[in-house]
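The chain contents come next:
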Amino acid sequence: MGRFLLDAMLGKLATYLRMCGHDAAYALDRGVEADDAVHDLARREERTLLTRDADLASRTDDAILLSERSVGAQLDELRAADVSLTLPETPTRCGRCNGPLDPVDDSTPAYAPDPSETAVYRCRDCGQYFWKGSHWDDVRRRLA
């Protein structure tokens with residue numbers, strides 16, 4: 001899977017990449033917005049920069065410049081750049097914070113399904129619970 005840094009204009013796209021198993025850091029989650037800081041972070045963490053900023057892309061090695069505004073069209077651009085956009089059998093990344101997910105075998109909050117009936121995962125970093133429900137199916141359809 002890829003290691004990406006998404007600039008401030010691509011927050012919604014980060015969620016899709018995370019659901020596909022990519023390590024997708026979002027610049028604003030890191031408190032980084034200025035172009036120089038985004039460039040430096042991508043280089044320091046050895047991440048491929050995804051950006052809609054042509055100047056920033058031109059001075060960042062291996063950056064992928066996206067021109068589209070809608071997430072669906074951005075996904076098409078990433079597919080054309082040979083970025084894998086398929087949902088894994090087992091979720092691995094938190095869509096909210098990018099942290100790793102662990103399977104849950106015991107109790108879950110009332111809003112989550114019973115892990116003895118449905119596979120449930122919890123983010124090590126933010127504690128959010130995930131399972132493959134209707135949102136997972138919606139994302140699968142969008143990626144297709």
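The model shown is predicted, which means the values in this text are computed figures rather than measured ones. (Residues numbered from 1 in each chain as written. Predicted model: local features only at pLDDT ≥ 70, side-chain atom pairs only at ≥ 80, totals over all residues. Heavy atoms only, no water.)

Chemist: How do you make sense of the pattern of salt bridges when you look at a structure like this?
Modeler: Between side chains of opposite charge, a pair can form as their charged atoms come close. Inspection of the entire model under this criterion finds 13 salt bridges. With its nearest N and O atoms 3.2 Å apart, the salt bridge here joins Arg 79 to Asp 76. Taken together, the residues span about one helical turn, with Arg 79 and Asp 76 both in helix 4 (residues 71–80) at a distance of three residues. With relative accessibility at 34%, the residue Arg 79 sits in the partly exposed group. With a shortest N-O distance of 2.9 Å, Asp 102 and Arg 124 are connected by a salt bridge. Here Asp 102 is found in strand 5 (residues 101–104), whereas its partner Arg 124 is found in the loop between strand 6 (120–123) and strand 7 (129–131), with 22 residues between them in sequence. (Salt bridge = Lys/Arg side-chain N within 4 Å of Asp/Glu carboxyl O. Helix = DSSP H or I, 4+ residues; strand = E, 2+ residues; numbered from the N terminus. Buried < 20%, exposed > 50% of the residue type's maximum accessible area, 1.4 Å probe, protein only.)

Chemist: Explain the side chain of Asp 23 here, please?
Modeler: With respect to the secondary-structure elements, Asp 23 resides in strand 2 (residues 23–26). Judged by its relative accessible area of 11%, Asp 23 falls in the buried class. Here Arg 47 takes part through its side chain, which lies 3.0 Å from a polar atom of the side chain of Asp 23. Those residues within four positions of Asp 23 in sequence are excluded, and the remaining contacts are Gly 2, Arg 3, Phe 4, Arg 47, Arg 93 and Asn 98. (Polar contact = N/O pair within 3.5 Å; in protein donor to acceptor, adjacent residues only side chain to side chain. Contact = heavy atoms within 4.5 Å.)

Chemist: Can you help me understand the packing of aromatic side chains in this one?
Modeler: What describes a pair of aromatic rings is the distance from one ring centre to the other and the angle between the planes of the rings. One pass over the full model with this rule turns up two aromatic pairs. Aromatic side chains Tyr 111 and Tyr 129 sit 6.4 Å apart centroid to centroid with 80° between the ring planes, which places their arrangement in the edge-to-face category. Pair noted here: Tyr 111 is in the loop between strand 5 and strand 6 and Tyr 129 is in strand 7, with a separation of 18 residues, a long-range link. Taking the relative accessible area as the measure of exposure, Tyr 129 reaches 12% and is therefore buried. Both rings, one in Tyr 111 and one in Trp 131, keep their centres 6.3 Å apart while their planes meet at 40°; by these two values the pair is tilted. One end of the pair, Tyr 111, is in the loop between strand 5 and strand 6; the other, Trp 131, is in strand 7, and 20 residues separate them in sequence. Grouped by ring-pair contacts, the aromatic residues Tyr 111, Tyr 129 and Trp 131 constitute a single cluster. (Phe/Tyr/Trp six-rings, centres within 6.5 Å; stacked < 30°, edge-to-face > 60°.)

Remember that the coordinates give geometry; whether it matters functionally is a separate question.
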